[in-house]
Amino acid sequence: MSWLSAGPLLALATAWVVLPGLAIGVSAGLRGLTALAFAPVLSVGVIAGSAVAAGWWGVPWGAAVPIEATLWLVGVVVAARFLRRPRAIWSVVSDPASWRRALHRPWARIDRDGYWIAGAAVLGMTLAGLLGLRTVAAGMGSPDALSQTFDANFHYNAVGRILDRANGSALDLSGLVNASSPYPAAWHDLVSLLVPHAGPSAAIVIASNIAAAVVSVVVWPLSCVVLVRTVAGRSAALTLVTPVLSVGFLAFPWTLITYGALWPNLIGVALLPAALAAVVRAARPGGPPDIPTGSVGRLFLPLVAVVALALAHPNAVFGLVVLSLPAVLWGVVGSLRRAGSAGTWQVVRVAAIGGASLVGIGVALHTMVLSPQFDSMRSYYWEPERTVREAAVDVFVQSSGGSEPAWALALLVTAGVVASVLRARTSWLVPAYLVVAGLSVVSATTWSSVWTGVWYNDAPRVEAMVPVIAVPLAAIGLRALALPAAVLLRTTAESLRIEGSRRIAVTAIVAVVVGGVVATTGGMYRATHADQLAAFYQHPEDVLLQPSVERLLLETGDLVPPDAVVAQNPWAGTSMLRPLTGRRVLFPHLHGEWNPAQELIAQRLRDVANDPAVCGSLDASGVGYVISATPTYKTSDPRSSAYPGLDDLDGLPGFELLAREGDAELFRITACLPDHVVDS
């Protein structure tokens, strides 16, 4: 498949992450660009949330589930708006023609974006999309390229499990490796909605790559737009530059597409700016007039955002807690200052609400750092990658994992820090940036830390949060640097009596500056980002799936029945059988809590001809075939040699050779067939 032919699938993925949330947001009172930018967080919430509900009620998972959930939620929200105004209900009953006025009246004073901002949004998102898609195409090579990474085994097969069981619930997904705890399923639910349209072969692989592309070039830029809009106000100039700048940081989204691959983290962090914007709007009443200002309207978005983040990945919720602290603190201080002129009761009310919010965040932080329930996450140890000085410099120059410095972004972020400090509305961004930068340094320089334990002490997961604040700072910094030239242009425009001269001047100069940044950085460091992707898709240092094994897997798809289960050593790349051909495997990931039947097969399958217990395990697991292949991925890991029962099967009784590619072989297990005599 070519990227051109993948266009319809890209459009479908975009529709899934935008349209459900847009319908719910508009019905709830969101308007203009805000409704569009908040749409992905609402869409992901309804997709993953409806999957949990469907699993709970026994409803088969499929596209109809989130569509029906969207329609149901729209109806509930619209009904709630009517119920807040009983007269509106009577007016509809007595005069059906007045329903539009009744529906619109509660939000009649909510301004809409003009053509100027709308045009800037279209231009900015288009440019970001082109830059991002060129990066993806160059880095992946083709839409059906396999991710040669550790966790890709799980994620590909998790999507297969959803399709096999028609159950996309987060409460069921971890059953893939026999774990009992819930596993965030938003990513896998989204991919499963794309698979039926991804073609006859390698559909899961293609759908995963398409989802990664759309999350990176649609969800993430839109999420950044609404955060910048919230903290810096409506601005055509900022609306234009924010999406472009958002695709320029290596730490996110490009590293999380490949490292791991941490796709659930990818979608969680992509939604984080929008969730943070929802918290900021709730903490600071009287913000932009494109969202309901009542208490219900202000709390609706943060609550939905937290649910969406939790179903995407809990790490994103932890990030929201950390970044919300300075935002809420600033909001409480500002609200108290404004309430001082409204009387003692208003001060007490604001103090009570603000205090409760800060206490809640404090409890969440305490739980993250000290609660025993996260001990398993804190137990991960990683060798320090850099010294403190090196890690601090990397954060400053917007480098990730020792990559080349992104000096243009470093300059813009620094300018943004200076400009943000000078305004009370944006000043909270600076401590937020210092906090996330500090966490990034800690994660890169220590074996483990209580401060980064809930991110598995994993530096790339923590570093991915830096752009959440760095993008707004860079956008603000770019506008600040462009203002002197804009003043000169504005003076000229005013002398010519051009209407809207200030807006035209600022936007024009910012457009020229961002164009210069794109040109001088090679398309926002596109080559560096493409190399990051290619290192795991096209030129992996540690190859998960060797060409000979891949050929055997494709042949296996033709030789075994659709309902077959194949035993295999996953460290030979054979877990990719399911995403490539649709045939299930016994060991879908490189590690798991294997049940006794799986353990016995792994240890003693080669003795099936004279060990009746093996036949019992095969029958319990539904296994009828086995692939014998030499482990090639991370062979220094002792777990790669934990499958001795699958080795050297050629010539043993009870196995029929069906295909061979190199040293990889496919056998049908005949020892347990009714007409086969088992030696005693």
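Quantities reported herein were computed from a predicted structural model and do not represent experimental measurements.

Trainee: It is not clear to me how the environment of N265 should be interpreted in this structure. Could you clarify?
Mentor: Of note, N265 is situated in helix 12 (residues 263-283). Expressed as a C-alpha distance, the spacing of N265 and A312, which sit 47 residues apart in the sequence, is 7.1 Å. Excluding its chain neighbours within four sequence positions, the residues that come into contact with N265 are L256, H313, N315 and R461. A polar contact is formed between the side chain of N265 and the side chain of H313, at a distance of 3.4 Å.

Trainee: Honestly, helix 2 (residues 32-57) in this entry has me stumped. Any pointers?
Mentor: It helps to recall that an α-helix has 3.6 residues per turn; residues three or four apart then point in one direction. Spanning 26 residues, helix 2 covers 36 Å between terminal C-alpha atoms, matching the ideal 38 Å at 1.5 Å per step. The sharpest bend along helix 2 comes to roughly 40°, located at A39, with the proline P40 sitting one to four residues further on.

Trainee: Quick question: what am I supposed to make of the environment of S169 here?
Mentor: Tracing the backbone through its elements, the reader meets S169 in the loop between helix 7 (152-165) and helix 8 (186-194). For the pair S169 and P184, spaced 15 residues apart in the sequence, the C-alpha separation amounts to 8.6 Å. In this structure, S169 is in contact with A51, V52, G55 and A185, ignoring residues within four places of it in sequence. Polar side-chain contacts of S169 include one of 3.0 Å to the backbone nitrogen of L171.

Trainee: Is there a simple way to think about a nonpolar patch on the surface in this case?
Mentor: A cluster of nonpolar side chains, W56, W57, V59 and L171, forms an exposed patch at the surface whose accessible area comes to about 550 Å². Tracing the chain through its elements places L171 in the loop between helix 7 and helix 8.

Trainee: Please clarify how helix 1 (residues 7-28) should be interpreted in this entry.
Mentor: Here helix 1 is 22 residues long and its end C-alpha atoms lie 31 Å apart, about the 32 Å a rise of 1.5 Å per residue gives. Along helix 1, the helix axis deviates most sharply at A15, where the bend reaches about 30°. If you check which residues of helix 1 are buried, you get L9, L10, A13, W16, V17, V18, P20, G21, I24, G25, S27 and A28.

Trainee: Sorry if this is basic, but what is going on with the state of the cysteines here?
Mentor: By definition, a disulfide links the sulfur atoms of two cysteines through a covalent bond. Scanning the model with the defined rule gives one disulfide in all. Each sulfur in the disulfide pair C615 and C672 lies 1.9 Å from the other. For the disulfide bridge between C615 and C672, the dihedral angle about the S-S bond is near -90°, and by the sign convention the bridge is left-handed. Highlighted residues: C615 in helix 27 (residues 612-621) and C672 in the segment after strand 5 (664-669), separated in sequence by 57 residues. For C672, a relative accessible area of 32% puts it in the partly exposed group.

About the thresholds
- Residues numbered from 1 in each chain as written.
- Predicted model: local features only at pLDDT ≥ 70, side-chain atom pairs only at ≥ 80, totals over all residues.
- Heavy atoms only, no water.
- Helix = DSSP H or I, 4+ residues; strand = E, 2+ residues; numbered from the N terminus.
- Contact = heavy atoms within 4.5 Å.
- Polar contact = N/O pair within 3.5 Å; in protein donor to acceptor, adjacent residues only side chain to side chain.
- Expected span 1.5 Å × (residues − 1).
- Bend = angle between axes of the 7 residues up to and from the residue.
- Patch = residues over 30% accessible without salt bridge, like charges linked within 9 Å, V, L, I, M, F, W, Y side chains within 5 Å.
- Areas by Shrake-Rupley, 256 points an atom, 1.4 Å probe, with all protein chains shown as cover.
- Salt bridge = Lys/Arg side-chain N within 4 Å of Asp/Glu carboxyl O.
- Buried < 20%, exposed > 50% of the residue type's maximum accessible area, 1.4 Å probe, protein only.
- Disulfide = S-S within 2.5 Å.

The values reported here are purely geometric and, on their own, carry no functional implication.
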